[in-house]
Amino acid sequence: ATTTTTTTATTVKKIVAWCTPRSLSTALMYSFAQRDDTTAVDEPLYAHYMHRNSHLEHIGIERLFDEQSTNLDDVLNMIDTHAKTPIIFMKNIANMLPPSLMDEWLDEAFHIIMYRDPVKVIPKYDNNMPCIFQETAYPELITLCGKFRARNIPHIVLNSETLGAYPEDTLKEICFQAGIDFTPKMLSWPAGPKEFDGCWAPSWYHTLHKTTGFEKKVSASPTKSEVMPSQRALISDCYPFYLALETMAVTRECFQTQTGHESEQAAIMLVWIGDGLVPSTFANLSVLDGSLFKPEEAFVSQSFSIRDGKLLNLDVAVRSLNERASSKFETQTSSDFIKGAIEAVLVANNGENITALIVHQSETGTIIVLPSVSTE
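Chemist: I tried to follow the overall build of the chain on my own but got confused; where do I start?
Modeler: A tally of helices and strands in the chain yields 15 helices and eleven strands. Looking at the chain as a whole, 52% of its 376 residues qualify as buried. Of the contacts made within the chain by residues no fewer than 6 positions apart, 75% connect residues no fewer than 24 positions apart. Total accessible area computed for the chain in this model is approximately 17,900 Å², and 50% of it derives from carbon and sulfur atoms.

Chemist: How should I be thinking about the sheet that holds strand β2 (residues 38–42) in this particular structure?
Modeler: Consider a sheet: its strands pair through backbone hydrogen bonds, and that pairing is either parallel or antiparallel. Spatial strand order, β2-β3-β1-β4-β5: five strands in an open sheet with parallel pairing. The open sheet terminates on both sides in strands that have one partner only, identified here as β2 and β5 (155–159). Within the sheet, the average angular offset between the axes of one strand and its neighbour, ignoring direction, is 20°. As paired elements, strand β4 (residues 109–115) and β5 share five bridges and run parallel to each other. Within β5, the position partnered with Met-114 by the bridge is Leu-158.

Chemist: Any chance you could explain the pairing of β4 here in plain terms?
Modeler: Regular strands show a simple pattern: their side chains alternate between the two faces of the sheet. Of all seven residues in β4, seven are buried; the element is thus mostly enclosed. Where burial is concerned, the two faces of β4 agree: the one with Ala-109, His-111, Ile-113 and Tyr-115 and the one with Phe-110, Ile-112 and Met-114 are both buried.

Chemist: Looking at this model, I keep getting lost on helix α4 (residues 72–81). Mind explaining?
Modeler: Burial in α4 covers these residues: Leu-72, Val-75, Leu-76, Ile-79 and Asp-80. Down the axis of α4, the buried side of the element spans an arc of 125°, and every buried residue falls inside it. Residues of α4 that are buried in the fold lie against β1 (13–19), α2 (46–52), β3 (87–93) and α5 (103–107). Of the residues flanking the start of α4, the one acting as N-cap is Asn-71, its side-chain oxygen 3.0 Å from the backbone nitrogen of Asp-73.

Chemist: Would you take a moment to explain the pattern of salt bridges for this structure?
Modeler: Any two side chains of opposite charge can pair, so long as their charged atoms come close to each other. Overall, the coordinates contain 14 salt bridges when judged by the stated rule. Linked through salt bridges whose partners overlap, the residues forming this network are Asp-103, Asp-107, Lys-147 and Arg-151.

Chemist: Is there a simple way to think about the environment of Leu-187 in this case?
Modeler: As for its position among the elements, Leu-187 is in the loop between α9 (167–178) and α10 (201–204). Distance from Leu-187 to Phe-214, taken between C-alpha atoms, is 7.1 Å for residues 27 residues apart in sequence. When near neighbours in sequence (up to four residues on either side) are disregarded, Leu-187 contacts Pro-167, Glu-168, Leu-171, Phe-182, Thr-212, Gly-213 and Phe-214.

Chemist: Could you clarify how one ought to interpret the packing of helix α14 (residues 314–328) against helix α15 (residues 335–348) in this entry?
Modeler: Each packed pair of helices is defined by two parameters, the angle between the axes and the distance between the axes. As a packed pair, α14 and α15 sit with axes 10 Å apart at the nearest point and diverge in direction by 120°. Here α14 lies oblique to α15, going by the angle between them. In this structure, the crossing between α14 and α15 has a hand that is right-handed. Where α14 abuts α15, its residues Leu-314, Asp-315, Val-318, Leu-321 and Asn-322 lie against Ser-335, Ile-338, Lys-339 and Ile-342. Across the contact of α14 with α15, the residue classes break down as five nonpolar, two polar and two charged.

Chemist: Hey, could you run me through the layout of surface pockets in this one?
Modeler: To find the voids left in a structure, one rolls a probe of water-molecule size over its atoms. In this structure, the largest pocket encloses a volume near 950 Å³. Around the largest pocket sit 38 residues that line it, and Arg-22, Ser-23, Leu-24, Arg-116 and Trp-204 are the ones nearest its centre. If you list the elements that add at least two residues to the lining of the largest pocket, you get α1 (25–33), β3, α6 (118–126) and α8 (160–165). Taken together, the residues of the lining of the largest pocket break down into 15 nonpolar, 14 polar and nine charged.

Chemist: Please clarify how the packing of aromatic side chains should be interpreted in this entry.
Modeler: A ring pair, where both rings are aromatic, is described by two values, the distance of the centres and the angle of the planes. A full pass over the atoms with the stated rule returns ten aromatic pairs. Their ring planes at 80° and their centres at 5.8 Å tell us that Tyr-30 and Phe-196 sit as a pair that is edge-to-face. Note that Tyr-30 is positioned in helix α1 and Phe-196 in the loop between α9 and α10, a separation of 166 residues in sequence. The exposure class of Tyr-30 is buried, given its relative accessible area of 0%. Assessed through its relative accessible area of 21%, Phe-196 is described here as partly exposed. Taken together, the ring pairs connect Tyr-30, Trp-189, Phe-196 and Phe-214 into an aromatic cluster. Its guanidinium or amino end placed over the ring of Tyr-166, Arg-252 lies 4.2 Å from that ring's centre, counting from NZ or CZ.

Chemist: Can you walk me through the confidence of the model for the chain in this structure?
Modeler: Detail in the predicted coordinates should be disregarded across regions flagged by low pLDDT. A residue-level look at the chain finds 88% of positions with pLDDT of 70 or above and a mean pLDDT of 85. Confidence over residues 2–7 falls short of pLDDT 50; this stretch has 13 contacts with residues more than four positions distant or in other chains.

Rules and cut-offs
- Residues numbered from 1 in each chain as written.
- Predicted model: local features only at pLDDT ≥ 70, side-chain atom pairs only at ≥ 80, totals over all residues.
- Heavy atoms only, no water.
- Helix = DSSP H or I, 4+ residues; strand = E, 2+ residues; numbered from the N terminus.
- Buried < 20%, exposed > 50% of the residue type's maximum accessible area, 1.4 Å probe, protein only.
- Contact = heavy atoms within 4.5 Å.
- Areas by Shrake-Rupley, 256 points an atom, 1.4 Å probe, with all protein chains shown as cover.
- Pairing = 2+ DSSP bridges.
- Axes fitted to C-alpha atoms, helices over the stretch in contact; angles between N-to-C directions.
- Arc of directions from axis to C-beta.
- Polar contact = N/O pair within 3.5 Å; in protein donor to acceptor, adjacent residues only side chain to side chain.
- Salt bridge = Lys/Arg side-chain N within 4 Å of Asp/Glu carboxyl O.
- Parallel < 35°, antiparallel > 145°, perpendicular 65-115°, else oblique.
- Left-handed = near helix turned anticlockwise from the far one by under 90°.
- Nonpolar A, V, L, I, M, F, W, Y, C, P; charged D, E, K, R; others polar.
- 1 Å grid on protein atoms, 1.4 Å probe; cavity = no way out; pocket = protein on both sides within 12 Å on 5 of 7 lines; lining within 4 Å.
- Points joined across faces, edges and corners; volume = space filled by probe spheres on them.
- Phe/Tyr/Trp six-rings, centres within 6.5 Å; stacked < 30°, edge-to-face > 60°.
- Lys NZ or Arg CZ within 6 Å of the ring centre and 35° of its normal.
- pLDDT = per-residue confidence, 0-100.

So this is what it looks like as structure tokens:
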């Protein structure tokens, strides 16, 4: 995309893609870059992420810290003030999401959540460098979905196979949801490296550089013999998050540009287990009928009442839970941690139709927070 006009931060429309690795995210960036009104930015948070995770070893980033700032404020200022077009498109791998990124910055953008079946992601990633759970980005996508829903931030959730098989329909839907016009220019791009590629491109984009557009087909899954035993364990860890994303994704059949009707992303209930939020499918429980997840170790439980979206007697209920835990177990969890887990569940699920919470505390201090919802 080319233009000579500099646009201010208040007039630039930000479109931000948050993706798992190997999910056609770079192809989507190349697609948007063909628009005359769009500037493409390749993973602007990469250096900041590596600075926060100095224990990680990535290939092809020898020049990364020369090309990108590690200071988050500087990165956001670059994005907001240096666009030369009315639209700026940012591609990010979702695990690079900074914990300190303000919600207000997210409020100002249209977001694309894009993911892929982990059985197709992890073996491909391993072809370049060993994959670990931290690099898969599935949990961060779930966190973002919860945040977007809670704050009513405009976004679309897509399985990248939909983009790969039906590029024109999918791009039209993305543009429609983002409030911009679709252009056929987005369906193809010139072969070879791009001036906006990150310095890691030679290590990761060499296959894409041979292409001039989307393949218009669903990619084949690796055979069982092609998946290494070590990869199977990681795939298994990622799969609950993938299944949760599948429940939220917009399929081609539900595209507004196909049906003429407003599409709805299916809701997914998130629960708290241990140290964070996970999809209810991961917990092997029925949220709707209030069934309880029972860990193997002993536990105590406490019900928390909610009325009109507000918790009743929170401090009293937490104190009651801890008193019973202290009478049975040597290990207790702090009240602040329990309150934080409860708040996270309410925010992630937008509090909608939640009538009560059941909080379990195990003998090892593990906290489980399960919402009960009204089916009316």
